[in-house]
Amino acid sequence: MAPVRLAIIGGGLIGSRHARLTVGEDQCELAAIADPAPAGEALAAEMGVAWFADYDEMLGVVEPDGVVVATPNQMHLPAAVACAERGAHILMEKPIAHSLDAGRDLVRAVNRAGVRLTVGHHRRFDPAAGAAKAIIDGGEIGDLLAVSATWAVRKPAAYFGVKWRRETGGGVVLINLIHDMDMLRHLCGEIATVYGELGHGARGLAVEDTAALVIRFKSGALATVAITDAAPSPWGWEMATGENPGIPATGRNCYRFMGSKGSLDFPNIELWRHGDDGAGDWSQAILRQGRPLSPRAALADQLKHFCRLIRGEEPPRISGEDGLASLAATAAVLRSFEIGAPVAPAFTL
Ligand SMILES: NC(=O)c1ccc[n+]([C@@H]2O[C@H](COP(=O)([O-])OP(=O)(O)OC[C@H]3O[C@@H](n4cnc5c(N)ncnc54)[C@H](O)[C@@H]3O)[C@@H](O)[C@H]2O)c1
């Protein structure tokens, strides 16, 4: 089977990780990197592939089968439109776009052109996501009642040296919380309402650094989420899983799912129940049961999926509509803060 030919638009923090994975993956080959920055040119040289400052030119010259788009959020729409018009399939980094209108236009352009699109909510490829979904959907913790989720890190000051990360749409909500909203939607079902408060005090930038929210799921389950990019802590997906080589692992759980028959620590997948049948109450010992997980390789597994998607072997795991739903849930947090009331996430296609 011939490897699919991929290109990368945007070779920054995450684009460079995609580039390295692409070079090491048998199902694909890296044909080019488009990124006007000197670091993008250096990355292309390091990978031994063609470099273009302009992605339109790259698409015309290289004609890749598929493109990983890893530009700043505000550029996702124009880059996707260019790919779609050239017939290239798309792995679009999350969020699908910087606004719901842009996301809708992106999905329309992709559908019009008949190319395939998947959105880079790669955490769903982690084995803990599959295990937790099987446990919750299989009724092992009974009816889901409540969830407590935390993501807290202190990003280095240099991270905010990049202009788009200081501007509206580049804050902790659209960059980081969207991962948690996507995972919560994946594991708990659709969101009925979300009420959010934002904090901007840690750095005094236009973008928020902290958020606290209350979510009501359509199932009736409730969740609280606390997130900040300005507080050192061991609790958050990257520290829990060690998936990002740039962020040292702690192995600490960061979500707790509480059901009528038991509870689940996530993402280490530790089930807490009074007995296997889920009966019993606080007067009895609560027993911890671990579950083995296969090795973690979410970004690499997402790339393999993209190759199969390009070859038409499977549908997108995270479709454009799914990506829009996660963006709508996240945008509802910002809107809720503006109006001071809960918001029902909504989007049109
Ligand atoms: N899935 C994840 O875990 C994850 C992690 C980080 C970032 N992201 C997402 O990936 C995207 C990029 O984030 P990042 O942190 O890598 O940002 P970054 O600023 O490190 O990289 C963005 C790159 O895009 C390049 N760029 C800017 N304009 C361009 C253009 N017109 N054409 C081509 N390249 C252009 C920049 O030069 C830069 O190298 C964002 O959408 C972000 O939300 C996802």
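Everything below is about the structure printed above this text.
Just so we're clear, the structure is a prediction, and the values are computed from it rather than from any experiment. (Residues numbered from 1 in each chain as written. Predicted model: local features only at pLDDT ≥ 70, side-chain atom pairs only at ≥ 80, totals over all residues. Heavy atoms only, no water.)

A. Structural view of the packing of helix 1 (residues 13-23) against helix 9 (residues 298-310). Viewed as axis vectors pointing N to C, helix 1 and helix 9 meet at an angle of 65°, and their least axial separation amounts to 10 Å. Classified by the interaxial angle, the pair formed by helix 1 and helix 9 is roughly perpendicular. Remark: the crossing between helix 1 and helix 9 carries right-handed chirality. Across the interface between the two elements, Ile14, Arg17, His18, Leu21 and Thr22 from helix 1 touch Leu299, Ala300, Gln302 and Leu303 from helix 9. Taken together, the residues of the contact of helix 1 with helix 9 break down into 5 nonpolar, 3 polar and 1 charged. (Axes fitted to C-alpha atoms, helices over the stretch in contact; angles between N-to-C directions. Helix = DSSP H or I, 4+ residues; strand = E, 2+ residues; numbered from the N terminus. Parallel < 35°, antiparallel > 145°, perpendicular 65-115°, else oblique. Left-handed = near helix turned anticlockwise from the far one by under 90°. Contact = heavy atoms within 4.5 Å. Nonpolar A, V, L, I, M, F, W, Y, C, P; charged D, E, K, R; others polar.)

B. How the structure looks around the nonpolar core. Core analysis: the largest hydrophobic core is formed by 45 residues, its most contacted members being Met181, Leu184, Leu213, Ile215, Phe257, Leu264 and Phe266. If you tally residues by element for this core, the top one is helix 7 (residues 172-188), at 8 residues. In contact with Phe257, not counting residues within four places along its chain, are Ile136, Ile141, Leu144, Ala146, Val147, Leu184, Leu187, Cys188, Gly262, Ser263, Leu264 and Phe266. Of all hydrophobic cores here, the second largest spans 36 residues; its members include Ala34, Val110, Leu117 and Val119. (Core = buried A, V, L, I, M, F, W, Y, C linked by side-chain atoms within 4.5 Å. Buried < 20%, exposed > 50% of the residue type's maximum accessible area, 1.4 Å probe, protein only.)

C. The arrangement of helix 3 (residues 55-62) in detail. Inspection of helix 3 places Met58, Leu59 and Val62 among the buried residues, and these make up the whole buried set. One face of helix 3 carries all of its buried residues, which in axial projection span an arc of 100°. Buried residues along helix 3 sit in contact with strand 1 (4-9), strand 2 (28-34), strand 3 (50-52), strand 4 (66-69) and helix 4 (76-85). Of the residues flanking the start of helix 3, the one acting as N-cap is Asp54, its side-chain oxygen 3.0 Å from the backbone nitrogen of Asp56. (Arc of directions from axis to C-beta. Polar contact = N/O pair within 3.5 Å; in protein donor to acceptor, adjacent residues only side chain to side chain.)

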